[in-house]
Amino acid sequence: MEAVTARLQAGLVASQKISDLISEFSLGEYELASWETKNTVEEEYQALAGSMQELRELDPDFAERIPGLAEAVGVGRHISGAELEAEDEILWRSAAEELPQLQQALLQLLMHS
């Protein structure tokens, strides 16, 4: 259970960093954001996806019940597979629309572990 808790914590930290970075921007503003900001968002998405993938490997049944986990892993894979920078809209929409649900689930699971 310790390894699962560690992955939940790592995922929550990465998702909060993404939210903090993205929350100050509309989509149009994010598209104009600095390379450093976008690079940091991509790095945190990769960290989030890695933590969630490790969680899947540790306990697949548990991981499947976490809302937004599959989407976070998918965005991380998109970033990893991109030859150039990931598409701004994919990252921004995921952070704005899907990440809050994942964050809430991770927080609830950590509070009850």
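What counts and how
- Residues numbered from 1 in each chain as written.
- Predicted model: local features only at pLDDT ≥ 70, side-chain atom pairs only at ≥ 80, totals over all residues.
- Heavy atoms only, no water.
- Helix = DSSP H or I, 4+ residues; strand = E, 2+ residues; numbered from the N terminus.
- Buried < 20%, exposed > 50% of the residue type's maximum accessible area, 1.4 Å probe, protein only.
- pLDDT = per-residue confidence, 0-100.
- Phe/Tyr/Trp six-rings, centres within 6.5 Å; stacked < 30°, edge-to-face > 60°.
- Lys NZ or Arg CZ within 6 Å of the ring centre and 35° of its normal.
- 1 Å grid on protein atoms, 1.4 Å probe; cavity = no way out; pocket = protein on both sides within 12 Å on 5 of 7 lines; lining within 4 Å.
- Points joined across faces, edges and corners; volume = space filled by probe spheres on them.
- Nonpolar A, V, L, I, M, F, W, Y, C, P; charged D, E, K, R; others polar.

Caption draft 1: How the structure looks around the side chain of Ser-51. Here Ser-51 shows up in helix H3 (residues 35–58). Judged by relative accessible area, which is 5%, Ser-51 ranks as buried.

Caption draft 2: Broad picture of the confidence of the model for the protein chain. For the protein chain, per-residue confidence averages 91 on the pLDDT scale, and residues scoring 70 or more make up 95% of the total. Here helix H5 (residues 69–81) stands out as the least confident element of the protein chain, with mean pLDDT 84; helix H1 (residues 2–22) is the most confident, with 96.

Caption draft 3: Quick peek at the packing of aromatic side chains. Inspection of the entire model under this criterion finds one aromatic pair. Sitting over the face of the ring of Tyr-30, Lys-38 holds its NZ or CZ atom 5.9 Å from the ring centroid.

Caption draft 4: Spatial organisation of empty space enclosed by the protein. Overall, the coordinates contain one cavity of 30 Å³ or more when judged by the stated rule. Every element with two or more residues in the lining of the largest cavity is listed here: H5 and helix H6 (88–111). For the lining of the largest cavity, the leading source of residues is H6, giving four residues. Among the residues forming the lining of the largest cavity, the class breakdown is four nonpolar, two polar and two charged.

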